[in-house]
Amino acid sequence: MWDSLIIGFALFSMFFGAGNVIFPPYLGLGSGSQWPLGFLGYYIADVGLALLSMFAILRQGSPTGVTARIGKVPAVLLMCAIVLCIGPMLAIPRTAATTYETSILPLTSSVSPVLFSVIFFLLVLVLCLRESAVVDIVGKILTPVLLAGLLVLIVVGVVHPLGPVSPQPLVDNVGATGVEAGYQTMDVLATLIFGYIILKSAWKKGHTEWKDQARVVAGASVVAGLGLLVVYLGLTYLGATTGSFFDLSVDRTQLVLSIVQALLGKGGMILFAVVVALACLTTSVGLVSACSDYFSGLTSGRLPYKVLVCVICVFSAVISNFGLNEIIAIAAPILSVVYPPTLVLIVLAMTGNRLKNKWIFRLAALGALVVSLVGTVGPIVGLNVDFLSYLPLSGLGFGWVLPAALCAIVGALIPRKRGAREAP
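Residues numbered from 1 in each chain as written. Predicted model: local features only at pLDDT ≥ 70, side-chain atom pairs only at ≥ 80, totals over all residues. Heavy atoms only, no water.

K.L.:
What exactly am I supposed to notice about the nonpolar core here?
P.N.:
The tendency in soluble globular proteins is for nonpolar side chains to be buried as a group. The biggest cluster of nonpolar side chains holds 129 residues, and the ones touching the most others in it are Phe-16, Ile-82, Ile-86 and Val-124. Looking at which element gives the most residues to this core, the answer is helix α12 (residues 252–298), with 20 residues. (Core = buried A, V, L, I, M, F, W, Y, C linked by side-chain atoms within 4.5 Å. Buried < 20%, exposed > 50% of the residue type's maximum accessible area, 1.4 Å probe, protein only. Helix = DSSP H or I, 4+ residues; strand = E, 2+ residues; numbered from the N terminus.)

K.L.:
Explain the packing of helix α3 (residues 35–60) against helix α14 (residues 324–349) here, please?
P.N.:
For any two helices packed against each other, the geometry is given by the interaxial angle and the distance between the axes. Contact geometry of α3 with α14 gives a least axis separation of 8 Å together with a crossing angle of 55°. Comparing their axes, α14 and α3 come out oblique. For the element pair α3 and α14, the recorded crossing hand is left-handed. Here Ala-45, Leu-49, Leu-52, Ser-53, Ala-56, Arg-59 and Gln-60 of α3 lie close against α14, whose contacting residues are Tyr-339, Leu-343, Ile-346, Val-347 and Ala-349. (Axes fitted to C-alpha atoms, helices over the stretch in contact; angles between N-to-C directions. Parallel < 35°, antiparallel > 145°, perpendicular 65-115°, else oblique. Left-handed = near helix turned anticlockwise from the far one by under 90°. Contact = heavy atoms within 4.5 Å.)

K.L.:
In this structure, what is going on with the environment of Val-188? I would like to understand it.
P.N.:
If you trace the backbone, Val-188 turns up in helix α10 (residues 187–204). For Val-188, a relative accessible area of 2% translates into the label buried. Remark: the alpha-carbon pair of Val-188 and Val-73, spanning 115 residues in sequence, is separated by 22 Å. Apart from residues lying up to four places away in sequence, Val-188 is in contact with Leu-49, Ala-50, Ser-53, Tyr-339, Leu-343 and Ile-346.

K.L.:
Explain helix α16 (residues 401–413) here, please?
P.N.:
Owing to its 3.6 residues per turn, the α-helix aligns residues three or four sequence positions apart on the same side. For α16, built from 13 residues, the straight-helix expectation of 18 Å at 1.5 Å per residue is met to within 8% by its first-to-last C-alpha distance of 19 Å. The complete set of buried residues in α16 reads Pro-403, Ala-404, Ala-408 and Gly-411. In an axial view of α16, the angular spread of the buried residues amounts to 140°, which keeps them on one side of the axis. Looking at α16, the residues exposed on the side facing more than 90 degrees away from the buried face are Ile-409 and Leu-413. Where α16 is buried, its residues touch α14 and α15 (358–381). (Expected span 1.5 Å × (residues − 1). Arc of directions from axis to C-beta.)

K.L.:
What is the right way to look at helix α9 (residues 174–184) in this model?
P.N.:
The element α9 is extensively covered by neighbouring structure, given that eight of its eleven residues are classed as buried. Every buried residue of α9 is listed here: Val-174, Gly-175, Ala-176, Gly-178, Val-179, Ala-181, Gly-182 and Tyr-183. At the N-terminal boundary of α9, the capping side chain belongs to Asn-173, with an oxygen 3.3 Å from the backbone nitrogen of Gly-175. Positive phi shows up at Met-186, right after α9, with a value of about 60°. (Polar contact = N/O pair within 3.5 Å; in protein donor to acceptor, adjacent residues only side chain to side chain.)

K.L.:
Explain the packing of helix α6 (residues 91–104) against helix α7 (residues 113–129) to me, please; I cannot follow it from the model alone.
P.N.:
Relative orientation of the contacting elements α6 and α7 amounts to 120°, with a least axis distance of 10 Å. Taken together, the axes of α6 and α7 lie oblique to each other. Handedness of the crossing formed by α6 with α7: right-handed. Across the interface between the two elements, Ile-92, Pro-93, Thr-95, Ala-96, Thr-99, Tyr-100 and Ile-104 from α6 touch Pro-113, Phe-116, Phe-120 and Phe-121 from α7. For the contact of α6 with α7, a count of residues per class yields nine nonpolar, two polar and no charged. (Nonpolar A, V, L, I, M, F, W, Y, C, P; charged D, E, K, R; others polar.)

K.L.:
Is there a simple way to think about the packing of aromatic side chains in this case?
P.N.:
Think of a pair of aromatic rings as described by two things: how far the centres are apart, and how the planes are tilted against each other in angle. With the rule as written, the count across this model stands at eight aromatic pairs. Between the aromatic rings of Phe-116 and Phe-120, the centroid separation amounts to 5.8 Å while the plane-to-plane angle is 40°, which identifies the pairing as tilted. Of the two residues, Phe-116 and Phe-120 are both situated in helix α7; the distance of four residues between them amounts to about one turn of the helix. In this structure, Phe-116 and Phe-120 share a single accessibility class: buried. Look at Phe-398 and Trp-400: their rings are 5.7 Å apart centre to centre, the planes differ by 50°, and that puts the pair in the tilted class. (Phe/Tyr/Trp six-rings, centres within 6.5 Å; stacked < 30°, edge-to-face > 60°.)

K.L.:
Quick question: what am I supposed to make of the environment of Leu-391 here?
P.N.:
Here Leu-391 shows up in the loop between α15 and α16. By relative accessible area, Leu-391 is classed as partly exposed at 21%. Residues Leu-391 and Val-381 lie ten residues apart in sequence; the distance between their C-alpha atoms is 21 Å. Contact partners of Leu-391, with chain neighbours within four places excluded, come to Val-371, Gly-399 and Pro-403.

Rendered as structure tokens:
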């Protein structure tokens with residue numbers, strides 16, 4: 001029970017980056033009196049799918065088991081793309097850029113982004129070099145402080161609301177807006193990275209048998225899910241109480257800062273700065289550690305863990321100085337292509353070993369990849385892709401679901417070679 005609690009706290013803090021602080025209040029603002037519906041869509045698309053990914057990892061025994069059925073080379077390429085995107089290409093440098101823009105700049109402009117990125121990643125480096133203690137550091141120390149700060153803000157906002165909840169939503173489809181917001185967090189991809197450090201932590205705590213490990217990690221997933229439920233629910237409500245003061249033209253970061261300042265004053269701004277910094281720091285520690293662990297294992301130790309930690313921290317520090325908006329703009333198209341085939345494989349992985357035909361996995365992933373690739377690259381090169389809007393769920397960003405399902409059916413019709421050995 002204790003191990004599940006510690007690992008669950010660590011998993012919570014790894015998922016809960018600063019972007020997760022910013023999305024729910026803006027969603028609450030747009031949802032008005034329908035904010036519970038918006039929250040439900042957000043929670044399912046973010047936490048629900050992320051926990052589904054974690055259970056898929058347990059079913060397969062490792063994160064790589066989720067992608068193994070599409071073939072060795074495609075699986076390695078997909079995992080490398082995921083690790084790079086949710087690692088040093090986007091999420092890791094974004095943690096530093098977000099901390100600087102939401103925690104440092106509102107308080108002082110005398111600290112340069114270059115100096116801040118150096119200090120930030122030196123701290124990440126120190127924490128990650130203590131590889132065996134990463135989860136305990138995050139779970140026992142950083143997460144309780146992070147939760148305490150968030151709960152203070154939420155409790156004050158509930159007891160003393162900023163204003164009445166607007167009776168009318170500012171968006172046309174509240175549920176769809178919530179799903180889209182949850183989809184944009186990309187926490188599902190992060191799960192495939194965090195899975196390494198979580199499973200490794202359970203093993204180091206003596207849970208070496210699969211059933212025992214599954215029990216501990218499943219318990220940790222429940223702990224993380226409940227913690228995120230409380231925080232997201234509270235932050236969405238806080239946003240819903242600002243309808244008398246803001247509309248959807250307000251910047252997400254400015255909305256959160258305004259809520260904090262109105263509820264807690266100058267002291268609250270300092271508290272929020274600490275909360276965001278901790279959220280980003282814990283996420284960055286988890287990502288750097290997990291990315292380093294993955295590439296070290298991929299190269300059979302030829303690239304040592306500690307060397308990779310140093311390289312990723314230096315690279316991320318450089319990229320973080322591009323600025324938050326630039327980082328998101330560069331990486332968003334890449335993520336929109338990588339995400340759909342990954343989610344398809346996660347859903348199929350939940351079946352365990354009951355689906356023996358590898359073509360189901362290969363064609364389903366390929367169908368999702370082609371549709372997402374056309375939808376992402378088409379507008380960039382001037383191709384008219386309006387036909388994709390007719391696909392079911394396209395308005396939610398899930399237009400690739402039907403093509404993937406049809407391709408899976410086609411794959412099931414392709415006979416397996418007799419005696420062919422399937423991927424585990």
